[in-house]
Amino acid sequence: MDFNMKKLASDAGIFFTRAVQFTEEKFGQAEKTELDASFENLLARADSTKNWTEKILRQTEVLLQPNPSARVEEFLYEKLDRKVPSRVTNGELLAQYMAEAASELGPTTPYGKTLIKVSEAEKRLGAAERDFIHTASINFLTPLRNFLEGDWKTISKERRLLQNRRLDLDVCKARLKKAKAAEAKAALWNDEVDKSEQELRVAQTEFDRQAEVTRLLLEGISSTHVNHLRCLHEFVESQTTYYAQCYRHMLDLQKQLGRCPLGFPGTFVGTTEPASPPLSSTSPTTTAATMPMEPSVAGQAPPGEAALCLEEVAPPASGTRKARVLYDYEAADSSELALLADELITVYSLPGMDPDWLIGERGNKKGKVPVTYLELLS
């Protein structure tokens, strides 16, 4: 009991002297042992590494899980060492809603069929997103988190210990200085000088030893950078794989939708609302902002019509209309008519034609033209 009380009193005394030394240093009333420039650079580099690792970690977590409530829930599960429950991705949830809508609105209708096709694509996108999140979490987030919760905590602990050793050293220096001043004033040998010098030697040894330990840990930050560089490459690879999968799924969906009517009857061409050009548009602003794409099936001649002899086609007695071209269109073959934006052409439909196409005439030239590039005029 007495031993514990003495130890507590000793610890309290050490804490008090350190606090006094630290306060006097802040007010410029006491001298402070300075670390060398290389050591200070190591400290600054370590602090920068810690701060930027935290920011990158947090923002990557936001990228992988934009929902803040879900992030908090996952954090609590991790702290409790419990398995995070499986969560439906937004793409998978959208796929579920589309499939249910198709079932209720009519899976055999053009709209219902298209809903099913899109829902299947969204489901594949959701699965790809789930794989990306899992891979990025293991290969990128976990190493960053391990550094902050492992290596950095060790470094912080040793730095605090070094700070205490430095304060003890400066307390001993101040004590020795006072003892020597008292000795000179009394003009006789003071035992306090010997004691202070001995304490200073011990404090200096402990400080030097702790400084070396801390320096070695700080120099290990270079290895941390190498490890994080490898993890960053793996993160980029997983993100590249994810976006490549998304591109393939959407390209496949685009082809599927191009092979069948999009649920609009042939009278759709009578709308006066400008239609958006398909992804395969040759508009420079469109192609510059999108990934290279295979030619859309919607831009190809429907089966059985490629052999249509346009010279033998005569416009119907009624049903021809004027149309304004919305976007430039480059003919894929001789059966199609090239278009220039804002020009006026005559268009009409033939029995059995794909409703997404019309016959267009300009002067003595005629050919098939896509409906989505036209605004029919009354």
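Residues numbered from 1 in each chain as written. Predicted model: local features only at pLDDT ≥ 70, side-chain atom pairs only at ≥ 80, totals over all residues. Heavy atoms only, no water.

Along the protein, the regular secondary structure elements total 8 helices and 5 strands. The N-to-C order of helical and strand elements in the protein reads α-α-α-α-α-α-α-α-β-β-β-β-β. For the protein, with 378 residues in total, the buried portion stands at 32%. Summarising the internal contacts of the protein: among those between residues at least 6 apart in sequence, 71% fall at separations of at least 24. Summing over all exposed atoms, the protein offers an accessible surface of approximately 23,700 Å²; the carbon and sulfur share of this is 58%. (Helix = DSSP H or I, 4+ residues; strand = E, 2+ residues; numbered from the N terminus. Buried < 20%, exposed > 50% of the residue type's maximum accessible area, 1.4 Å probe, protein only. Contact = heavy atoms within 4.5 Å. Areas by Shrake-Rupley, 256 points an atom, 1.4 Å probe, with all protein chains shown as cover.)

On to the pairing of strand S1 (residues 321-325). On a regular strand, each side chain points to the face opposite its neighbour's, so the side chains alternate between the two faces of the sheet. One ladder, built from 4 bridges, connects S1 with strand S2 (residues 344-348); its direction is antiparallel. Within the sheet, the bridge partner assigned to Arg324 lies in S2 and is Leu344. One ladder, built from 3 bridges, connects S1 with strand S5 (residues 374-376); its direction is antiparallel. Looking across to S5, one finds that Val325 is bridged to Leu374. (Pairing = 2+ DSSP bridges.)

Attention now moves to the sheet that holds strand S4 (residues 365-370). Read from one edge of the open sheet, 5 strands run S4-S3-S2-S1-S5, paired in antiparallel fashion. Where the open sheet ends on each side, the last strands, each with one partner, are S4 and S5. Neighbour-to-neighbour, the strand axes of this sheet turn through a mean angle of 40°, independent of strand direction. Of the pairings in the sheet, the one linking strand S3 (residues 357-362) to S4 comprises 6 bridges and is antiparallel in character. The residue bridging Ile359 from the neighbouring strand is Lys368, located in S4. (Axes fitted to C-alpha atoms, helices over the stretch in contact; angles between N-to-C directions.)

To continue, consider the pairing of S2. Of all 5 residues that make up S2, 4 are buried, and the element is covered over most of its length. Relative to S3, S2 runs antiparallel, the two sharing 3 bridges. Paired with Tyr348 across the bridge in S3 is Ile359.

Looking now at the side chain of Thr53. Within the secondary structure, Thr53 sits in helix H2 (residues 37-64). Beyond its immediate stretch of four places on either side in the chain, Thr53 contacts Leu144, Phe147, Leu148 and His228.

The grouping of Val88, Leu93 and Tyr97 at the surface amounts to a nonpolar patch, some 270 Å² of accessible area in total. With respect to the element layout, Leu93 can be found in helix H4 (residues 90-105). Of the residues examined, Leu93 reaches a relative accessible area of 31% and is grouped as partly exposed. (Patch = residues over 30% accessible without salt bridge, like charges linked within 9 Å, V, L, I, M, F, W, Y side chains within 5 Å. Salt bridge = Lys/Arg side-chain N within 4 Å of Asp/Glu carboxyl O.)

It is worth spelling out helix H6 (residues 191-219) at this point. Spanning 29 residues, H6 covers 42 Å between terminal C-alpha atoms, matching the ideal 42 Å at 1.5 Å per step. All of the buried residues along H6 are Val193, Ser196, Leu200, Ala203, Phe207, Gln210, Ala211, Thr214, Arg215 and Leu218. (Expected span 1.5 Å × (residues − 1).)

Located in the positive-phi region is Asp342, a residue other than glycine, with phi close to 80°. In this fold, Asp342 is placed in the loop between S1 and S2. Among the residues examined, Asp342 registers a relative accessible area of 56% and is labelled exposed.

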